[in-house]
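Report on the structure
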Amino acid sequence: MLPTRIQLGKKTWDRLQYLQTQTRITPNITARVAICMALRDIRTATINTSKPEQTHTINRDVLFGEHDRTYEAMIRQFLHEQSVDADIQAVIRSLIDNGLHKLGHLKKFSDLKSVFDSTAA
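If you check helix α5 (residues 88-102), its first and last C-alpha atoms are 21 Å apart, about what 15 residues at 1.5 Å a residue would give, namely 21 Å. The buried fraction of α5 is high, at 12 of 15 residues. On its buried face, α5 is in contact with β1 (5-9), α1 (10-23), α2 (27-40), α3 (60-64) and α4 (68-81).

As enumerated under the stated definition, the model contains 1 aromatic pair in all. Between Phe64 and Tyr71 the ring centres are 5.2 Å apart and the planes differ by 35 degrees, which places this aromatic pair in the tilted class. Summarising the burial analysis for this pair, Phe64 and Tyr71 share the class buried.

A separate point is the packing of α1 against α2. For the pair α1 and α2, interaxial distance at closest approach is 9 Å and the crossing angle is 110 degrees. In this view, α1 runs roughly perpendicular relative to α2, as classed from their interaxial angle. Crossing angle aside, the handedness with which α1 passes α2 is right-handed. Here α1 contributes Trp13, Leu16, Gln17, Leu19 and Gln20 to the contact with α2, which in turn contributes Pro27, Thr30 and Ala31.

With that out of the way, let us pick up the pattern of salt bridges. If you walk through the whole model with that rule in mind, you get 3 salt bridges. Note that Arg60 is salt-bridged to Asp68, the shortest N-O span being 3.9 Å. In this structure Asp68 comes out as partly exposed when scored by relative accessible area, which is 21%. Between Arg76 and Glu72 there is a salt bridge, and its shortest N-O distance comes to 3.1 Å. Here Glu72 and Arg76 lie together in helix α4, a separation of 4 residues that amounts to about one turn.

A word on the environment of Ile25. Turning to its location among the elements, Ile25 is positioned in the loop between α1 and α2. Residue Ile25 is classed as buried on the basis of its relative accessible area, which comes to 11%. For the pair Ile25 and Lys108, spaced 83 residues apart in sequence, the C-alpha separation works out to 9.4 Å.

To describe two helices that pack against each other, one gives the angle between their axes and the distance between the axes. Following both chains from N to C, one finds α1 and α5 inclined at 40 degrees, their axes separated by 11 Å at the closest point. Put simply, α1 runs oblique to α5. You can see that α1 and α5 cross each other, and the crossing is left-handed. When α1 is examined against α5, the residues Thr12, Arg15, Leu16 and Leu19 are found in contact with a partner set consisting of Ile96, Asp97, Leu100 and His101. Taken together, the residues that form the contact of α1 with α5 break down as 4 nonpolar, 2 polar and 2 charged.

Rules used throughout
- Residues numbered from 1 in each chain as written.
- Predicted model: local features only at pLDDT ≥ 70, side-chain atom pairs only at ≥ 80, totals over all residues.
- Heavy atoms only, no water.
- Helix = DSSP H or I, 4+ residues; strand = E, 2+ residues; numbered from the N terminus.
- Expected span 1.5 Å × (residues − 1).
- Buried < 20%, exposed > 50% of the residue type's maximum accessible area, 1.4 Å probe, protein only.
- Contact = heavy atoms within 4.5 Å.
- Phe/Tyr/Trp six-rings, centres within 6.5 Å; stacked < 30°, edge-to-face > 60°.
- Axes fitted to C-alpha atoms, helices over the stretch in contact; angles between N-to-C directions.
- Parallel < 35°, antiparallel > 145°, perpendicular 65-115°, else oblique.
- Left-handed = near helix turned anticlockwise from the far one by under 90°.
- Salt bridge = Lys/Arg side-chain N within 4 Å of Asp/Glu carboxyl O.
- Nonpolar A, V, L, I, M, F, W, Y, C, P; charged D, E, K, R; others polar.

Take it as geometry only, folks, not as evidence of what the structure does.
So this is what it looks like as structure tokens:
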């Protein structure tokens, strides 16, 4: 189900790169955390079906690593529970964008602790 290559918008990729300079966390790991943050709070996870004009392509293996089946299962569950019928590229882009919005406060690696502290509650 997950595409071999995921096309992220330039703005999304720039945000991932910016967070890498701030936190030293690679874009693929930040994107994984962003997806989880968006899936955790599904009330605000909306799907933007418009295609970005400029894209950055990232391979599924790089984005999801050895956990691709886990992310596929979580995304399938999200699609089913929310009755979403959209292109999987748009869904992944939207989840990353929504999650990045929730991670916007990160300025350094130690700030990530607050993300995980708030998920335990």
